[in-house]
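Architecture and fold: a report
Read off the chains here:
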Amino acid sequence: MPHASGAVVRRVAVAALLIAAGNIASRLIGMVREAVIAGLFGRGADVAAFTAASTVPTIVYDLLVNGAISAALVPVFSAYAEEDEAAFWQVAATVINLALGAIALVVGILIWQTPMVVTLLAGGFEPDLRDQTIVMTRLLLPAVFFMGLSGLITALLYARQRFLLPAFTTSAFNLGIILGALLLQPWLGSLSLVVGVLIGALFQVVLQLPGLRDATHIPFLTFDLAHPGVRRILALYAPVALGIGFSVVGIVIDRHLASRLTPDAIPTMRYATALIQFPLGLVAAAVSFAVLPTLSRQASVGDEAAFRSTLAMGINVVLLLILPATAGLAALAEPVVALLYQRGAFGGEDTRATARALLLYLPGLPAAALDQMILFAFYARQRTLTPNLVQGAAILIYLATALPLLFLTPLGVAALILANAAQWIGHALILYLLSRRLVDLGGLRIGETLGKCLVACLALFGIARVLSSVLAFAGPPVALVVAGSIAGLTYAGICLALRIEALDFLLAALRQRIFQRHGANSHQ
């Protein structure tokens, strides 16, 4: 029995490593994707049209498939995969047929009603830009079939403990967009991005097909909606669908308001948001890697004291990682934007505008990161309805901030960015207040970690700011590397000197996962 337990631990450790590696790779390649788009198209109307158009298939995918993967598909598929192989494939075939049928129906309706959809999403566009967005949207919608099939395969492979291929599907998707843009832009212009999305969606499916090499007995014609497994999936997904629905409303409102501003508003928000999502994704990967598997196990066995301690440590790890990322981006906003984006069609004024937008997003970054950790606590306790209802309240916060700033001040796009930051902060605060009924985090030194990290961040910010100014003559790469490295080392040194417990925990988690992976490999 101890041997079996050790094998499970090693399997979880390897899975965590693969998922974290895939997440990091997807974030890096995603930044390359944005850099390519910026270099080819700048902050022009083409990027505004593509961003608005690509929102439509993303919404359909998130609503019909993506939201169900972790909340419903993987848990139910995993249970059947371990107990009853025949039932596993029966449930899988029904879900695949149901999902693809729903996608076909929704995509058909959206292609038919694309002008109305674009009016709802980007009603402020000029007629020519609106027509371009309609064409792009209709061409992009078929990608949902491949995206949906890829998501379903991912759920099947996760349930069968196969993590390598699914970990890199987002990387494959981003790679397709990069290739489409670089190879086809001279002939197709902005439509090269559309072709890139279709290529990337196809890449996701092709990448994962080898993982289904033993799936030779799938009952493809099965459609048993009365099966208990299928009904369980639908029941688990319902609250998540509600939350995604709220998110969709928020996205539509944000895009619509932005479309009524200057044509460069949406591209500016896109490029700045990509820079926010990069550290956010890496921190989420690090925290999941360090604490989420443990948190889930503790919740399942009802170990309340250990659950509280692990959740508090997860929050402390988030603070340890996200606060210096926020301070670093604040100090180095312009050289970061210049290094990543300033080439080709993306000039100096584009860099300054995007850097200003980035600075306005930054107050919401720590809140968004902490919000994900609190969500882990709800999901570990299988409380899915509450956090999804909070999304509705967050939209009201967005509107209460955006509308007055937009119509009563000359802020323009800055009003929408500040509203997004307010939405993230409001969502995190509401969820934290509600979580106090779920778990008591008092006396677990979270405030102490916050204070120590802020002290270290002040030093990081000051050093980065001074060095980047002094080294400005050497260009963004040199200024960024030198200032960022010295400031980062200073932050780490201060954290060590202040004996921040979260740093020791994170380093220990990394050593443990690496050791376990080495042990697993040495016993093969």
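Residues numbered from 1 in each chain as written. Predicted model: local features only at pLDDT ≥ 70, side-chain atom pairs only at ≥ 80, totals over all residues. Heavy atoms only, no water.

1. Some words on the overall build of the chain
A count of helices and strands for the chain gives 20 helices and zero strands. In summary, the chain has a C-alpha radius of gyration of 23 Å against a globular reference of 24 Å for 524 residues, a match within 12%. Projected onto the principal axes, the alpha-carbon positions of the chain cover approximately 65 × 60 × 45 Å. For the chain, the proportion of its 524 residues judged to be buried stands at 50%. (Helix = DSSP H or I, 4+ residues; strand = E, 2+ residues; numbered from the N terminus. Rg over C-alpha atoms; globule rule 2.2 N^0.38 Å. Buried < 20%, exposed > 50% of the residue type's maximum accessible area, 1.4 Å probe, protein only.)

2. Quick word on the packing of helix H7 (residues 169-188) against helix H8 (residues 191-208)
Closest axis-to-axis distance for the H7/H8 pair is 6 Å, and the angle between their directions is 145 degrees. Along this stretch, H7 crosses H8, giving a crossing that reads as right-handed. Across the contact of H7 with H8, the residue classes tally to 15 nonpolar, ten polar and no charged. (Axes fitted to C-alpha atoms, helices over the stretch in contact; angles between N-to-C directions. Left-handed = near helix turned anticlockwise from the far one by under 90°. Nonpolar A, V, L, I, M, F, W, Y, C, P; charged D, E, K, R; others polar.)

3. A closer look at helix H18 (residues 446-470)
The terminal C-alpha atoms of H18 lie 36 Å apart, and with 25 residues this matches the ideal 36 Å at 1.5 Å per residue to within 8%. Taken residue by residue, H18 has Thr 449, Cys 453, Ala 456, Cys 457, Leu 460, Ala 464 and Ser 468 as its buried positions. Among the structural elements, helix H12 (304-331) and helix H19 (476-497) are those in contact with the buried residues of H18. (Expected span 1.5 Å × (residues − 1). Contact = heavy atoms within 4.5 Å.)

4. Topic: a nonpolar patch on the surface
Among the surface-exposed residues, Val 135, Leu 139, Trp 187, Leu 188 and Leu 191 lie close enough to one another that they form a single nonpolar patch of about 490 Å² accessible area. Among the elements of the structure, helix H5 (127-140) and H7 are those that each provide at least two residues to the nonpolar patch. Tracing the backbone through its elements, the reader meets Trp 187 in helix H7. (Patch = residues over 30% accessible without salt bridge, like charges linked within 9 Å, V, L, I, M, F, W, Y side chains within 5 Å. Areas by Shrake-Rupley, 256 points an atom, 1.4 Å probe, with all protein chains shown as cover. Salt bridge = Lys/Arg side-chain N within 4 Å of Asp/Glu carboxyl O.)

5. Some words on the pattern of salt bridges
Counted by the stated rule, this structure contains ten salt bridges. Here Arg 43 makes a salt bridge to Asp 350, at a shortest N to O gap of 2.7 Å. Note that Arg 43 is positioned in the loop between helix H1 (2-41) and helix H2 (45-83) and Asp 350 in helix H14 (residues 348-361), a separation of 307 residues in sequence. Across this residue pair, the class does not change: Arg 43 and Asp 350 are buried. When the shortest N-O distance is used, the salt bridge between Arg 445 and Glu 501 registers 3.5 Å. Taken together, the residues Arg 445 in the loop between helix H17 (413-435) and H18 and Glu 501 in helix H20 (residues 501-522) connect sequence positions 56 residues apart. Residue Arg 445 is classed as partly exposed on the basis of its relative accessible area of 43%. Taking relative accessible area as the criterion, Glu 501 reaches 37% and is therefore assigned partly exposed.

6. Let's talk about the environment of Asp 128
Counting through the fold element by element, Asp 128 comes out in helix H5. Given a relative accessible area of 65%, Asp 128 falls into the exposed group. Each C-alpha atom of the pair Asp 128 and Leu 460 lies 47 Å from the other, and the pair is 332 residues apart in sequence.

7. What to know about the environment of Thr 401
As for its placement among the helices and strands, Thr 401 is situated in helix H16 (residues 385-408). Taking the C-alpha atoms as reference points, Thr 401 and Leu 418, 17 residues apart in sequence, are found 7.6 Å from one another. Once you skip the residues sitting within four places of it in the chain, Thr 401 turns out to touch Leu 418, Ala 419 and Ala 422.

8. Regarding the packing of aromatic side chains
According to the stated counting rule, one finds seven aromatic pairs in the structure shown. Taken together, a centroid distance of 5.4 Å and an interplanar angle of 35 degrees make the contact between Tyr 158 and Phe 163 tilted. Residue Tyr 158 is classed as buried on the basis of its relative accessible area, which comes to 19%. Given the relative accessible area of 14%, Phe 163 is considered buried. Three or more aromatic residues joined by ring pairs form one cluster here, namely Phe 77, Phe 88 and Trp 89. (Phe/Tyr/Trp six-rings, centres within 6.5 Å; stacked < 30°, edge-to-face > 60°.)

9. Topic: the nonpolar core
If you look at the biggest cluster of nonpolar residues, it comprises 152 residues, and the most contacted ones within it are Leu 73, Phe 77, Leu 311, Leu 320, Tyr 341, Leu 358 and Met 373. It is H2 that contributes the most residues to this core, 19 residues altogether. (Core = buried A, V, L, I, M, F, W, Y, C linked by side-chain atoms within 4.5 Å.)

10. Observations concerning the side chain of Arg 160
Structurally, Arg 160 can be placed in the loop between helix H6 (143-159) and H7. When its relative accessible area of 18% is taken as the criterion, Arg 160 is described as buried. Those residues within four positions of Arg 160 in sequence are excluded, and the remaining contacts are Glu 85, Phe 88, Trp 89 and Asp 214.

11. Regarding the packing of helix H9 (residues 228-259) against H16
Two quantities define a packed helix pair, namely the angle between the axes and the distance from one axis to the other. Between H9 and H16, the shortest axis-to-axis distance is 7 Å and the interhelical angle comes to 15 degrees. Taken as axis vectors, H9 and H16 run roughly parallel relative to one another. Regarding H9 and H16, the two cross each other, and that crossing is left-handed. Packed against H9, whose contacting residues are Pro 239, Val 240, Leu 242, Gly 243, Phe 246, Ser 247, Val 249, Gly 250, Ile 253, Asp 254 and Leu 257, the element H16 presents Leu 385, Asn 388, Leu 389, Gln 391, Gly 392, Ile 395, Tyr 398, Leu 399, Leu 403 and Leu 406 at the interface. For the contact of H9 with H16, the per-class residue count stands at 14 nonpolar, six polar and one charged. (Parallel < 35°, antiparallel > 145°, perpendicular 65-115°, else oblique.)

12. Some remarks on the confidence of the model for the chain
Detail in the predicted coordinates should be disregarded across regions flagged by low pLDDT. With 93% of its residues at a pLDDT of 70 or more, the chain has an overall mean of 89. Under a pLDDT of 50 for its full length, residues 1-5 has, in the predicted model, one contact with residues more than four places off or in other chains. Here residues 520-524 is modelled with pLDDT under 50, and outside its nearest four sequence neighbours on either side it reaches one contact, counting other chains as well. (pLDDT = per-residue confidence, 0-100.)

13. Description of the side chain of Thr 137
Mapped onto the elements, Thr 137 comes out in helix H5. According to the relative accessible area criterion, Thr 137 is buried, its value standing at 1%. Polar side-chain contacts of Thr 137 include one of 2.7 Å to the backbone oxygen of Thr 133. Apart from residues no more than four positions distant in its own chain, Thr 137 is found in contact with Ala 53, Val 56, Thr 114 and Val 118. (Polar contact = N/O pair within 3.5 Å; in protein donor to acceptor, adjacent residues only side chain to side chain.)

14. Observations regarding unusual backbone geometry
Positioned with a positive phi, Gln 161 is a non-glycine residue whose angle comes to about 60 degrees. Assignment of secondary structure puts Gln 161 in the loop between H6 and H7. For Gln 161, a relative accessible area of 32% translates into the label partly exposed.

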